[in-house]
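For reference, the chains in residue letters:
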Amino acid sequence: MSENTENEMREKIDPRVDSYHWSDVLVQALPYFRHWAGKTVVVKYGGNAMLNEELKAAVMKDIVLLSTIGVKVVLVHGGGPEINNMLDRVGKESKFINGLRYTDGETMEIVQMVLTGKLNKDIVGILLQEGGKAVGLSGVDSGLLRAKKIDKDGTDLGFVGEVTEVHPEIIQSLLDEGFIPVVSTVALGEQGDMSRYNINADTAAAKIAIALKAEKFVQLTNVAGVLRDVNDPKSLIQRIHLEDVHKYFEDGTISGGMIPKIECCMMAREGGVPRTHIIDGRVPHSLLIEMFSDRGIGTMIY
């Protein structure tokens, strides 16, 4: 038997053998398909999943699949690394104060240009190429997000804002028509304030989830979730009860950049969102694993 003939036979045999595995996967996923159809899920998208083209493609395929089976997905995105790159290109230094980007008038123009003019439309374009129906929005559109200037212990952060109002009607209208709203987190000032504000995307996503009465809020990030030992990926804590979170704050298990992400999960949970998650955006199709399997992925605050 020639090598080519043997390879052809192997190609014909393997899919039949593998079909048992895939049929089992689909049967296990079916109850989850039924559960999530018609439900609203808010996904905050950023980190490595946004920078790596292969991971970006996987996330977009996941979003389109969810929408195709009737899940109402809202995608809220950040874009810190891209903003840094653009500031470098124009010769402007990135400045951070207590982890927040100092945003003067010129920086705010660049933030708005990168988030709403480039990244938002790039994401919408990929979703359309994957067969989805997507529409790009910023927090300014239809007054979706209103914000006021952050006062951080008397430190001036420029045009950095905190969300004071969410008016989700435009998002709900798009969801009802089968579209995937893609939201960049630039907000309009409160009544009488024509300024634009740079908003933390995690916080904005949590508040949007609350306003929409979403069933699930998911943050795609750069780590596996909350780890008992940051050097041991196997030490993942898969479930944390809301009442136990402060214990993990106090003993240092939750620290650094994980603190604001957990706080956003707590905000969403306390605001009525039943399920909040931090999952590893570096794992291809992590969103589908979380939505459609009994093992889940990452850390859930419940």
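Everything below is about the structure printed above this text.
Here's what I pulled together on the structure shown here. Only a predicted model underlies this, so the values are computations on that prediction, with no experimental measurement involved.

Residues Ile63 and Leu127 are the most contacted members of the largest nonpolar core, which totals 39 residues. When residues of this core are assigned to their parent elements, the largest contribution, 9 residues, is made by helix α5 (residues 105–129). The contact partners of Leu127, leaving out residues within four places of it in the chain, are Met60, Ile63, Val64, Gly132, Ala134, Ile180 and Val182. Val76, Leu144, Tyr197 and Ile199 belong to the second largest nonpolar core, which has 26 residues in total.

Those residues of helix α6 (residues 169–176) not exposed but buried are Ile171, Leu174 and Leu175. Looking straight down α6, one finds its buried side chains confined to an arc of 100°; they lie on one side. Looking at the buried residues of α6, the elements they touch are β1 (40–45), β2 (72–77), β5 (134–138), β8 (180–184) and α7 (201–211). Immediately downstream of α6, the backbone of Gly178 shows phi near 85°, a positive value.

Contact pair helix α4 (residues 80–89) / α5: the axes reach a minimum separation of 10 Å and the direction vectors enclose 125°. What the angle tells us is that α4 and α5 run oblique. α4 and α5 meet at a crossing whose hand is right-handed. Counted together, Glu82, Ile83, Met86 and Leu87 of α4 and Thr107, Ile110, Val111, Met113, Val114, Leu115 and Leu119 of α5 form the full contact between these two elements.

Under the definition given, this model contains 12 salt bridges. Linking Arg275 and Glu215 is a salt bridge whose minimum nitrogen-to-oxygen distance equals 2.9 Å. One end of the pair, Arg275, is in strand β13 (residues 275–280); the other, Glu215, is in the loop between α7 and β11 (216–221), and 60 residues separate them in sequence. We classify Glu215 as buried; its relative accessible area is 18%. Asp280 serves as the salt-bridge partner of Arg282, at 2.9 Å between the closest nitrogen and oxygen. Arg282 sits in the partly exposed class, given a relative accessible area of 39%. Among the charged side chains, a network of salt bridges with common partners joins Lys44, Asp202 and Lys261.

Moving on, we come to α4. Of the positions making up α4, those classed as buried are Glu82, Ile83, Met86 and Leu87. Buried residues along α4 cover an arc of 140° about the axis, so they all sit on one side. Where α4 ends, the next residue or the one after it, Gly91, has phi of about 75°, a positive value.

Calculation notes
Residues numbered from 1 in each chain as written. Predicted model: local features only at pLDDT ≥ 70, side-chain atom pairs only at ≥ 80, totals over all residues. Heavy atoms only, no water. Core = buried A, V, L, I, M, F, W, Y, C linked by side-chain atoms within 4.5 Å. Buried < 20%, exposed > 50% of the residue type's maximum accessible area, 1.4 Å probe, protein only. Helix = DSSP H or I, 4+ residues; strand = E, 2+ residues; numbered from the N terminus. Contact = heavy atoms within 4.5 Å. Arc of directions from axis to C-beta. Axes fitted to C-alpha atoms, helices over the stretch in contact; angles between N-to-C directions. Parallel < 35°, antiparallel > 145°, perpendicular 65-115°, else oblique. Left-handed = near helix turned anticlockwise from the far one by under 90°. Salt bridge = Lys/Arg side-chain N within 4 Å of Asp/Glu carboxyl O.

So yeah, pure geometry; function would need other evidence.
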